[in-house]
Amino acid sequence: MSGSERRSAERARTFRSRAMTAAVTGEAATAPGFPVAFVDGTFVPVAEAALSVHANAVSYGTGTFEGMRATWNEQARELHLLEPLAHYERMHRSANALALPLAYSAEELVAFTVELLRRNEARSDVYVRPILLLAGEVLPVRMHEIATRFSIAVSRFPARYIDPAGVRCLVSSWRRMPDSTIPLRAKIIGSYVGPALAKSEAVLAGFDEALMLTVDGNLSEATTSNVFLRRGDQWVTPAPDQDILEGITRRQVMELIGEELGERVVERSVDRSELYVCEEALLCGTAVQIVPLVEVDRRPVGDGQPGERTLRLMETLAAIARGEGGRQRGWVTPVWASG
Ligand SMILES: Cc1ncc(COP(=O)(O)O)c(C=O)c1O
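Below or above, wherever it landed, is the structure these notes cover.

The rules we used
- Residues numbered from 1 in each chain as written.
- Predicted model: local features only at pLDDT ≥ 70, side-chain atom pairs only at ≥ 80, totals over all residues.
- Pairing = 2+ DSSP bridges.
- Helix = DSSP H or I, 4+ residues; strand = E, 2+ residues; numbered from the N terminus.
- Near = placed C-beta within 6 Å.
- Nonpolar A, V, L, I, M, F, W, Y, C, P; charged D, E, K, R; others polar.
- Core = buried A, V, L, I, M, F, W, Y, C linked by C-beta atoms within 7 Å.
- Buried ≥ 20, exposed ≤ 12 C-beta atoms within 10 Å, placed from the backbone.
- Domains from an automatic or database assignment.
- Contact = placed C-beta atoms within 7 Å.
- Axes fitted to C-alpha atoms, helices over the stretch in contact; angles between N-to-C directions.
- Left-handed = near helix turned anticlockwise from the far one by under 90°.

1. Some thoughts on the pairing of strand β10 (residues 219–222)
Of the strand pairs in this sheet, strand β9 (residues 209–213) and β10 are connected by three bridges, and their pairing is antiparallel. For leucine 213, the partnering residue across the bridge sits in β10 and is leucine 219.

Written out as structure tokens, the structure reads:
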């Protein structure tokens, strides 16, 4: 081996080892789980909730999941789940789309979640992850006649999931897959590979997040959040037929735009170029909550600062999530006071 070949092999080894270290520490930093999980009707230590490497879903992503948040209010010493019933109702619809049985009603699932948070002594902002998947050790690719498993796990919410001062987005070269390829109204595990590729493409190019277009080139959504733009005197957001996941936060934002801002939202198809000419824009989802979109493809959105209305919506939703909402108090389920 020549000197330059040795140096190049050494560089490759160093790169691989750094990448692996980053992967391991990244995982430890972002997924600090709580000790108790819920699996098929019982509360178990999280180590016992591990899935077999032979489970069908491990290879094929055959299953559906939800993500909800609970927000700790230090003053009230209370943890509030945000719209858990709506998340479990969506999970039922997802299960139905995949023709998978889900043994518990949405109301029962909320009760299990409250109990799980109590058993975990959860007194901080947390993320709740219910998963229904094909756990049977079955090799063929199919949905039918494979044992399912339903679990709920809880992890601490990362202190800074996304910069609340505003996100800079890249329109991804990866398109959002159409509903004709996979049921998009269901939150399907395997459907997140495209968004994961888009997110990495954006982040490794120096952006915070990716926006995905439909195969027809219209705006669909970000990788795990929906998008709203303000044009003139109204807000626009891609309609449900634009291959979006119909977000629960999207519905909340539509209500808050009407009630708090007294403004109108139109659901329609949105051209890519509207991203470059709108006055204000935001992303919304359970993980990001509401966050201002301040730049797209290195062009400022409006004046490049978080929009004034977006900031009002952010504050309003944050207060609701802490259990301090007025009319929207019913959106939260207290964990320690209820039951
Ligand atoms: C692809 C996708 N779009 C949008 C959203 C926002 O949905 P929600 O507000 O229900 O969290 C999510 C998050 O669940 C998502 O994964």
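2. A few points about the site of the ligand
Near the ligand, the surroundings consist of Gly67, Glu221, Thr224, Ser225, Asn226, Leu245, Gly247, Ile248, Thr249, Arg250, Gly285 and Thr286. It is helix α6 (residues 248–259) that provides the largest number of residues to the shell around the ligand, a total of three residues. Along the lines of polarity and charge, the residues of the shell around the ligand split into two nonpolar, eight polar and two charged.

3. Here we look at the nonpolar core
With 74 residues, the main nonpolar core has Leu117, Cys169, Leu229, Leu283 and Leu293 as its most contacted residues. For this core, the two domains that each supply at least three residues are domain 1 (36–156) and domain 2 (167–321). Leaving out residues up to four positions away in the same chain, leucine 293 has contacts with Val167, Cys169, Ala281, Leu282, Leu283 and Val301.

4. A word on the packing of α6 against helix α8 (residues 308–321)
Interhelical geometry of α6 versus α8 gives an angle of 115 degrees and a closest axis separation of 11 Å. By crossing handedness, the relation of α6 to α8 is classed as right-handed. Across from Gln252, Val253 and Leu256 in α6, the residues of α8 making contact are Leu313, Thr316 and Leu317. Residue classes in the contact of α6 with α8 are distributed as four nonpolar, two polar and no charged.

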